[in-house]
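The chain contents come next:
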Amino acid sequence: MEIFLNEHPQMEFYALAFDCNTEYAEFLVCMNTADDFEQTLRDYQEDDKRYCTDAASIRDLRYNPGDWEHTDISEIELFSEDELAAQYQDDIERQCAELLQLCDEILAAFRETDVFKRIPKTADFISFCIDHDEDPADALARAGVKGALA
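Figured I'd write up the structure that's included with this text. Once a new chain begins, its residue numbering starts again from 1 and follows that chain's sequence as written. Only residues with pLDDT of at least 70 are given local features in this predicted model, and only at 80 or more are side-chain atom pairs given and counted; all residues enter the totals for whole chains, interfaces and linings. The side-chain values count all of the structure's non-hydrogen atoms but skip hydrogen atoms and water molecules.

## Focus: the pairing of strand β1 (residues 13–21)
Going by this rule: Burial status follows relative accessibility: with a 1.4 Å probe on protein chains alone, a residue under 20% of its type maximum counts as buried, one over 50% as exposed, and anything between as partly exposed. Secondary structure is summarised from DSSP: a helix means a run of H or I of at least four residues, a strand means a run of E of at least two, and numbering begins at the N terminus for each. Think of it this way: DSSP has to see at least two bridges between two strands before they count as a pair.
Most of β1 sits out of view: eight of its nine residues are buried. Pairing between β1 and strand β2 (residues 26–33): eight bridges, direction antiparallel. Counterpart to C20 in the pairing with β2 is F27. Linkage of β1 to β2, two consecutive antiparallel strands, is achieved through a turn of four residues, within which A25 is found at a positive phi near 60 degrees. Two elements, β1 and strand β4 (residues 121–131), share seven bridges in a ladder whose sense is parallel. Residue pairing for β4: F13 is matched across the bridge by K121.

Spelled out as structure tokens, the structure:
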């Protein structure tokens, strides 16, 4: 993250997400700027008119890290496949729930670091964890992010 911030000192971000693939105990650190979102929105609007008027679709696009410009700032593998098998013995539901909770805890700790404080943030900046295939509205609600849902 420090390297990324040093390479992009002029960018200001509206969101940071830990995009978690809990089945494999991995997550990507992702961020997006308002300008990048506006370009993505224009691209989507060319192909799908619901992105012109449907507020929920626009919000989901805004907070879906899979559609962001900076989706692989860092990749972290929390456990190996062998460690996952030993710990969860194919209880994928428990594994996913516990690993998403762990990612939330890691993000909470990251918010306290100097690196996080260095991120140039918009006034409405948010940070959250999202399971890779999770609906952004669900992830934001789970994180208690209310402003993004309006």
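Having put the structure on the table, let's press on.
## With respect to the sheet that holds β2
Put simply, the test is: Fitted lines through C-alpha atoms serve as axes, helices being fitted only where they are in contact, and the angles separating the N-to-C directions of these axes extend from 0 to 180 degrees.
Pairing is mixed across the open sheet formed by four strands, whose spatial order is β3-β2-β1-β4. Both outer strands of the open sheet, β3 (70–77) and β4, are each paired with one neighbouring strand and no more. For this sheet the average axis-to-axis angle between neighbouring strands, irrespective of direction, equals 15 degrees.

## Some thoughts on the side chain of E134
What counts, and what does not: For the purposes of these results, a polar contact is taken to be a pair of N or O atoms within 3.5 Å, where, inside protein, one atom must be able to donate a hydrogen and its partner to accept one; residues adjacent in sequence count only when each atom of the pair is a side-chain atom. Whether two residues are in contact is decided by their heavy atoms: any pair within 4.5 Å suffices.
Relative to the helices and strands, E134 is located in the loop between β4 and α8 (136–143). Separated by 2.4 Å, the side chains of E134 and R142 make a polar contact. Excluding its chain neighbours within four sequence positions, the residues that come into contact with E134 are L100, A139 and R142.

By themselves, these figures tell us nothing about what the structure is for.
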